[in-house]
Amino acid sequence: MASEIQMPEPVCLIKNKKGKGFVVQPEALQLLSEMTQPMVVVAIAGPYRSGKSYLLNRLAGQRRGFSLGSSVRAHTKGIWMWCVPHPCKPGHTLVLLDTEGLGDTEKGDTKNDTWIFVLAVLLSSTLIYNSKGTIDQQAMDNLHYVLKLSECVQVKAAPEEAGAEQAGAEQAGEEQAGEEQLGSDRRALFFPTFVWAVRDFTLQLEVDGKEISEDEYLENALKLKDGSSQEAQSYNRLRKCIRQLFPERKCFVFDQPARKKDLPRLEELLDDMLDPEFQQQVERFCSYIGQNCPPKTIPGGHEITGSRLGTLAVSYVEAIRSGAVPCLESAVLVLAGIKNSAVLKEAVALYQRQMEQGLPTETTQELLELHARCEEEALQLFTARAFEESREQFWAELTVQLEALKEHFCIRNERASHEKCTAALQELFQDLDRRINDRIYFMLGGYQLFQREQEALVEQYRKLPGKGVKAEAALRDFLQEREFMDRKILKDDLEITLALTLSCLSFVVGIALKIKK
């Protein structure tokens with residue numbers, strides 16, 4: 001499956017099993033692991049039966065996909081995912097997350113709704129909150145899940161060593177101070193752009209007879225009351241939380257899409273059966289989401305790919321299932337560990353390739369210089385691609401591995417040099433060995449001829465370039481292995497010389513005896 005995968009239909013990413021809680025689905029993780037493009041992750045959350053799935057289908061460019069349902073019960077369970085090619089950003093994947101409807105009285109579990117909302121926030125780069133009617137106090141009250149984000153999402157991992165209590169208190173103090181100062185909450189660095197989609201909107205967008213934009217309508221609803229009374233504090237608490245946790249906000253309002261009797265089969269309606277104003281509103285909404293919603297990133301600007309999104313989902317769900325609080329820093333550290341481990345392997349592989357191409361070297365000094373160059377390239381690659389988080393730990397591990405590889409390559413350099421020199425000597429001595437087999441040197445003075453020709457080959461060998469650090473050692477070993485042949489030729493030469501000498505002596509003695517007679 002390629003990174004530009006087109007999923008024909010949504011799949012369940014996180015199943016919400018009754019009595020078992022949230023479970024990340026292996027099939028979805030497998031699909032994500034094969035998607036390597038940066039991801040724009042758009043999640044939608046909101047009250048059940050508010051038309052969330054319809055908007056996501058339109059963002060996917062389809063009328064069908066996420067199941068709409070038509071009863072008064074929540075239809076979507078858990079979190080479903082649909083990955084499609086991004087319509088406006090080539091090389092990116094648009095990931096649409098449809099979440100279980102909030103506030104279904106039959107579930108009777110508000111904590112479940114809170115975690116659904118938390119997961120939608122943590123996994124997305126843009127969160128669409130979908131509601132019906134108007135943004136009034138009731139609508140604000142329904143968005144009380146935002147207040148839970150401070151309790152249910154932790155920025156830093158809890159200290160585990162001695163003094164944890166004090167450190168934890170300091171962290172809590174820092175986070176509380178962030179909540180008290182508008183826009184200073186560090187969670188905002190991790191949180192998505194916030195889009196409020198108001199469905200079946202019936203009001204006029206105006207204040208005091210003056211027309212206002214949809215964004216102004218939202219900002220007016222989020223305005224804080226003056227004063228420090230209990231009423232003002234209660235009124236401001238949620239609004240302040242939304243303003244500081246979601247500094248980037250957008251609002252869209254939608255008319256009712258069709259006649260009430262046609263709404264149950266909304267996905268089947270042709271365009272001419274939809275309200276024209278609604279159609280324009282949906283087109284503007286889809287255009288904005290497509291053109292303006294950013295890719296999902298983590299602090300440091302690292303873009304989220306499929307495998308990383310899967311890792312985040314697993315990390316957050318495991319925290320929830322264990323009864324802990326999802327920790328943003330811990331999730332980033334998990335991602336950083338996976339990424340930096342992979343980059344470390346790439347850096348080591350680069351070092352090995354470069355070193356192998358440079359072997360053998362003529363001298364040990366040349367090998368050390370080659371090591372220095374290859375090490376620098378490997379460290380540069382690691383620096384450029386590794387996550388900042390946990391970088392020092394993996395940097396230290398990389399330097400240890402490169403030092404060990406240097407020793408390995410020192411040995412390999414000697415072995416490679418020896419093997420290369422031995423091969424060169426065997427090639428050079430082929431003709432000499434053929435002459436030996438043909439008994440060319442089996443004659444008087446053959447040993448001297450053999451020595452002259454062998455010495456000539458040795459000189460020829462010494463002039464060969466690129467032999468490496470074991471040039472003389474390989475020559476010495478090669479000649480030692482051939483000593484038996486040297487001795488045999490010498491022995492044959494001596495025997496021939498002795499035989500000729502004795503023959504000559506016998507001839508001389510015979511002549512002398514004849515003369516004496």
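It should be emphasised that the depicted structure is a prediction, and the values quoted were computed from it without experimental measurement.

> Could you clarify how one ought to interpret the packing of aromatic side chains in this entry?
The description of an aromatic ring pair uses the distance of the two centres, along with the angle that the planes make with each other. In the structure shown here, the tally under the stated rule is 17 aromatic pairs. Geometrically, the ring pair formed by Y441 and F450 is edge-to-face, given 5.6 Å between the ring centres and 75° between the ring planes. The class for F450 is buried, based on a relative accessible area of 1%. Among the aromatic residues, ring-to-ring pairing joins Y54, F252, F254, F278, F285 and Y288 into one connected group.

> Hey, could you run me through a positive patch on the surface in this one?
A cluster of basic side chains, namely K15, K17, K20 and R321, defines a positive patch on the protein surface. Within the secondary structure, K20 is located in the loop between β1 (11-17) and β2 (21-24). Residue K20 is classed as exposed on the basis of its relative accessible area, which comes to 58%.

> How should I be thinking about the pairing of β2 in this particular structure?
Consecutive side chains of a regular strand alternate in pointing toward one face of the sheet and then the other. Judged from the 4 bridges that link them, β1 and β2 form a sheet pairing that is antiparallel. In the sheet register, N16 faces β2, and the bridge partner there is F22. Connecting β1 to the antiparallel partner β2 that follows it, the hairpin turn spans 3 residues, and G19 within it adopts a positive phi of roughly 85°.

> Quick question: what am I supposed to make of the pattern of salt bridges here?
Pairs may arise between side chains of opposite charge once their charged atoms sit close together. For the structure shown, the criterion picks out 19 salt bridges. Taking the shortest distance from any N to any O, the salt bridge between E407 and K406 comes out at 3.9 Å. The salt bridge partner of R462 is E459, with a shortest N-O separation of 3.5 Å. Of this pair, R462 and E459 both sit in helix α15 (residues 446-462), 3 residues apart, which is roughly one turn of the helix. Since its relative accessible area comes to 42%, E459 is described here as partly exposed.

> How should I be thinking about the nonpolar core in this particular structure?
Counting 101 residues, the largest nonpolar core has F117, V146, L149, F191 and W196 as the members making the most contacts within it. When residues of this core are assigned to their parent elements, the largest contribution, 9 residues, is made by helix α3 (residues 110-123). Among residues more than four places away in sequence, those in contact with V146 are F117, L238, C241, I242, L245 and F246. L367, L370, F394 and L405 belong to the second-largest nonpolar core, a separate cluster that totals 20 residues.

What counts as what
All residue numbers refer to position in the chain's written sequence, counted from 1. For this predicted model, a pLDDT threshold of at least 70 governs which residues receive local features, and a threshold of 80 or more governs which side-chain atom pairs are given and counted, while totals over whole chains, interfaces and linings are taken from all residues. Think of the side-chain values as coming from all heavy atoms in the structure, minus any hydrogens and water. Ring pairs shown here join Phe, Tyr and Trp side chains whose ring centres sit within 6.5 Å, with only the six-membered ring taken for Trp; geometry is labelled stacked below 30 degrees between planes, edge-to-face above 60, and tilted in between. Categorising residues by exposure relies on relative accessible area from a 1.4 Å probe, with only protein chains included: less than 20% of the type maximum marks a residue as buried, more than 50% marks it as exposed, and the intermediate range marks it as partly exposed. Patch definition: residues above 30% relative accessible area lacking any salt bridge, with like charges linked at up to 9 Å and the nonpolar side chains Val, Leu, Ile, Met, Phe, Trp and Tyr linked at up to 5 Å. Accessible areas in this description were obtained via Shrake-Rupley with a 1.4 Å probe; residue shielding takes into account the shown protein chains only. Any Lys or Arg side-chain nitrogen located within 4 Å of an Asp or Glu carboxyl oxygen qualifies as a salt bridge. Asp and Glu are treated as the negative residues and Lys and Arg as the positive ones, with His and the ends of the chain left uncounted. The atoms used to mark charge sites are NZ of Lys, CZ of Arg, CG of Asp and CD of Glu. Numbering of helices and strands runs from the N terminus; a helix is a DSSP stretch of H or I covering at least four residues, while a strand is a stretch of E covering at least two. Strands were regarded as paired on the criterion that DSSP finds at least two bridges between them. Residues grouped as a nonpolar core are buried Ala, Val, Leu, Ile, Met, Phe, Trp, Tyr and Cys residues, joined through side-chain atoms within 4.5 Å. Here, residues are in contact when the closest pair of their heavy atoms is within 4.5 Å.

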